[in-house]
Amino acid sequence: MIKEEIKAQKEKVRQMSRLEQFRYFWYYNWIKIALGCVALLLVVYFALTIYHNRNNESIYVAMINSVMTGDDQQALMDGFVQSRQIDTTDAPARIHANTQLLEDQIGNLSLANSQTLQAYMETGDYDVLIADEWIIRDYASQALLRDLSTALPEEMYEQVKDRLVYYDYNDGTHIPVGIYADDITKVKDYYPDSVRPIISLAAKSPTPEIGVEFVCYLLEE
C-alpha cells in the first residue's frame, strides 16, 4: 500500500509543470536548503577572513570581548612599536579587537567568530591572546597556549607570578598559561568591569619573542 502511494505521488509530481515541481520541492526541502546556505556562508566568511589577513605582521594580537575603538587599537600598537623601535613598513603591527564571544550563547555569528579565532590560533597567526578566562582555558586544553614558566624571562616571571592563571592537564602537570590583567592599565581600560581579562601567549606563533616583548610592554606603567 505504501509503495503504491509513493508511486502515485511520484507520478503526480511528474505531471506537474516545472514551476509547480519547484514549488513542491521547495515546500518539502526549504529547511535543508536554508541550513546548507548558512553553512556555505560560514565557509565563505571564514575563507575571506583568512584571505584578507594573509599578510605577515610584525605582531598580531587578539583582544576578545574588548570594547576598544579603532583609535584605541592604533594608540596601543603605536606605543608598542615606538617603544621597541619596530619597523612596520612591510610588516604591520595589528590588533584584532572586534570579536565578541559569549560562553552561553551560540548563534551563527558567534559560531563564525569562534571558528575564525580557532583557525588563527591553530595556524600561528596570533602571537598574543587576551580574553575571558573560559576562552583561555579552552585554548589551554588544546595545547594552543605557551607555558609561561618557560616562555617568560625569569625577571618578568617573578613580576607576574602572583597573578598567574594555571591549567591542570590530564597528565598531572600544572602549567601557567595566562596572566590576570584586571589591574594592568593598558588592558583593563579596554574591557568592561564584568570581564576579568587574561593575557596569554599563542603556542604556535612563529615569532614567540615578539609576544613576550608585547607582554613586557603591557606590564610597563
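Bear in mind the structure is a predicted one, so any value in this text is a computation, not a measurement.

1. As for the side chain of serine 200
For serine 200, the location among the structural elements is in strand β6 (residues 198-201). In this structure the side chain of serine 200 is engaged in a polar contact, spanning 2.6 Å, whose partner is the backbone oxygen of valine 177. Apart from residues lying up to four places away in sequence, serine 200 is in contact with Asp127, Val128, Leu129, Ile136, Leu145, Val177 and Gly178.

2. Topic: the pairing of strand β2 (residues 93-96)
Pairing between strand β1 (residues 59-63) and β2: four bridges, direction parallel. Note on β2: the bridge partner recorded for alanine 62 is histidine 96.

3. Structural notes on the packing of helix α3 (residues 70-84) against helix α9 (residues 208-219)
When two helices pack together, their arrangement is captured by the angle between the axes and the distance separating the axes. At a minimum axis distance of 11 Å, the contact between α3 and α9 shows a crossing angle of 105°. Considered as vectors, α3 and α9 are oriented roughly perpendicular to each other. In contact with Leu76, Met77, Gly79, Phe80, Ser83 and Arg84 of α3, α9 contributes Ile210, Glu213, Phe214, Cys216, Tyr217 and Leu218. When the residues that make up the contact of α3 with α9 are grouped by side-chain class, the tally is eight nonpolar, two polar and two charged.

4. Regarding the packing of aromatic side chains
Within this structure, the stated rule accounts for seven aromatic pairs. Centroid distance tyrosine 120 to tyrosine 126: 5.2 Å. Interplanar angle 35°. Geometry classified as tilted. Look at tyrosine 120 and you get buried, because its relative accessible area is 2%. Tyrosine 126 gets classed as buried once you look at its relative accessible area, which sits at 3%. Ring pairing ties together the aromatic residues Tyr60, Tyr120 and Tyr126, which thus form one cluster. The ring of tyrosine 217 carries lysine 186 above its face, with NZ or CZ at 4.8 Å from the centroid.

5. What to know about the sheet that holds β1
Strand order in the open sheet formed by six strands is β2-β1-β3-β6-β5-β4, and the pairing between neighbours is mixed. The open sheet has two edge strands with one neighbour each: β2 and β4 (164-168). On average, adjacent strands in this sheet sit at an angle of 30° to one another, irrespective of strand direction. Of the pairings in the sheet, the one linking β4 to strand β5 (residues 174-180) comprises five bridges and is antiparallel in character. Across the sheet, the residue bridging to tyrosine 166 is proline 176, located in β5. Helix-sheet contacts for α3 involve β1 and β2, and the interaxial angle to β2 is about 145°. Across the sheet, α9 is in contact with β1, β3 (128-131), β5 and β6; its angle to β6 comes to roughly 155°.

6. Considering unusual backbone geometry
The residue glutamine 85 is not glycine, and still its phi comes out positive at about 50°. Tracing the backbone shows glutamine 85 in the loop between α3 and β2. Looking at glutamine 85, the relative accessible area reads 74%, which means it is exposed.

Definitions and cut-offs
Residues numbered from 1 in each chain as written. Predicted model: local features only at pLDDT ≥ 70, side-chain atom pairs only at ≥ 80, totals over all residues. Heavy atoms only, no water. Helix = DSSP H or I, 4+ residues; strand = E, 2+ residues; numbered from the N terminus. Polar contact = N/O pair within 3.5 Å; in protein donor to acceptor, adjacent residues only side chain to side chain. Contact = heavy atoms within 4.5 Å. Pairing = 2+ DSSP bridges. Axes fitted to C-alpha atoms, helices over the stretch in contact; angles between N-to-C directions. Parallel < 35°, antiparallel > 145°, perpendicular 65-115°, else oblique. Nonpolar A, V, L, I, M, F, W, Y, C, P; charged D, E, K, R; others polar. Phe/Tyr/Trp six-rings, centres within 6.5 Å; stacked < 30°, edge-to-face > 60°. Buried < 20%, exposed > 50% of the residue type's maximum accessible area, 1.4 Å probe, protein only. Lys NZ or Arg CZ within 6 Å of the ring centre and 35° of its normal.

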